[in-house]
Amino acid sequence: MVTGQYFMIQEKLKIKSNLDSKNQEYNHLSIQFSLGGFSFCVLNKDDKKFTALYNYRFKESTYTPQNLLQNINQIFETNELLKDKKYHSVSISHTNNLSSLVPKPLFKEERISDYLSYNNKTLRHDFFAYDDLKNHEMVNVYVPFVNANNFFIDQFGGFEYKHFSTVLIENLVDIYKFSLVPHMFINIGKKHFEIVVIADKKLQLYNTFEYNTKEDFIYYILFVVEQLHLNPEEIELQLMGNVKKNDTLYKIAFKYIRNVGLIENRSKYTFDAAFTEDIKRQFFTLLHQF
């Protein structure tokens with residue numbers, strides 16, 4: 001644990017095996033972060049193998065953009081894989097609920113702020129960015145953490161960044177768009193979760209919800225099922241993120257939906273033996289961020 005006057009970092013997970021931190025010629029670094037935490041993994045592209053993953057959780061009282069930067073800086077100063085290290089390539093994803101999907105034919109860059117203002121509270125000085133979802137005729141408009149991006153520029157020079165929901169949606173649609181039955185995917189966090197619905201070879205819905213109890217959790221699932229006229233006897237419900245089989249959220253989902261399972265790893269890369277199936281599922285988006 002590392003503590004400071006304005007912030008606190010609690011290390012939750014560390015995997016590091018057979019990683020030559022001095023030779024970065026073939027190493028790719030993926031970073032995913034939010035106001036509440038910071039994760040990164042290292043992929044050796046030559047061996048096509050994940051060799052390291054770290055995850056940090058921030059103290060809840062420090063959930064501000066200003067404290068976020070201090071927390072990230074503290075991680076870079078203390079983690080041997082980030083301190084003064086250069087990587088062959090770097091990708092970064094911003095995690096927040098300030099995003100909105102726009103059909104590509106309707107998108108106009110000069111009106112980018114309008115797409116978020118309808119459903120989110122935005123500020124006059126906010127910076128807006130967008131991701132062009134490849135092969136999906138959609139644009140994802142969002143507010144990135146600009147101060148964090150500026151920090152990463154100082155650290156790495158160049159890097160690619162996206163909203164985490166872009167990574168989530170692109171990968172799920174690419175993998176499951178040819179399925180013959182509707183699929184609902186739920187990415188579970190500590191107090192929020194995202195729902196992605198894919199049917200008829202395309203994205204039907206993406207949204208994020210906050211929850212405190214298992215009843216909140218199942219209410220939003222059944223609400224989406226009802227609104228999209230899905231049949232709970234026929235849809236495939238796949239869970240990912242912070243979930244294990246037969247925990248509370250899994251059990252209540254199984255009570256109301258016939259076909260419930262945990263998402264399977266379909267990565268084209270291999271993993272060090274320390275990467276369990278639970279870890280692959282919990283960090284699905286981080287491990288598919290390329």
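Asks: Give me the pattern of salt bridges: which residues, what numbers.
Replies: All chains considered together, the criterion is met by nine salt bridges. Glu-170 is the partner of Lys-162 in a salt bridge, and the nearest nitrogen-oxygen pair spans 3.4 Å. Among the residues examined, Glu-170 registers a relative accessible area of 9% and is labelled buried. The residue Lys-280 makes a salt bridge to Glu-277 at a minimum N-O spacing of 3.0 Å. Placement of both Lys-280 and Glu-277 in helix α7 (residues 277-282) is noted, with a separation of three residues, approximately one turn of the helix. One network of salt bridges, with partners in common, ties together Glu-160, Lys-162 and Glu-170.

Asks: Requested: an account of the layout of surface pockets, with residues and values cited.
Replies: Size it by volume and the second largest pocket reaches roughly 400 Å³. Around the second largest pocket, the lining is made up of 20 residues, and of these Asn-171, Asp-174, His-288, Gln-289 and Phe-290 lie nearest the centre. Those elements giving two or more residues to the lining of the second largest pocket turn out to be β6 (89-94), β10 (160-163) and α4 (164-176). With five residues, the top contributor of residues to the lining of the second largest pocket is α4. By residue class, the composition of the lining of the second largest pocket is six nonpolar, seven polar and seven charged.

The rules behind the values
- Residues numbered from 1 in each chain as written.
- Predicted model: local features only at pLDDT ≥ 70, side-chain atom pairs only at ≥ 80, totals over all residues.
- Heavy atoms only, no water.
- Salt bridge = Lys/Arg side-chain N within 4 Å of Asp/Glu carboxyl O.
- Buried < 20%, exposed > 50% of the residue type's maximum accessible area, 1.4 Å probe, protein only.
- Helix = DSSP H or I, 4+ residues; strand = E, 2+ residues; numbered from the N terminus.
- 1 Å grid on protein atoms, 1.4 Å probe; cavity = no way out; pocket = protein on both sides within 12 Å on 5 of 7 lines; lining within 4 Å.
- Points joined across faces, edges and corners; volume = space filled by probe spheres on them.
- Nonpolar A, V, L, I, M, F, W, Y, C, P; charged D, E, K, R; others polar.

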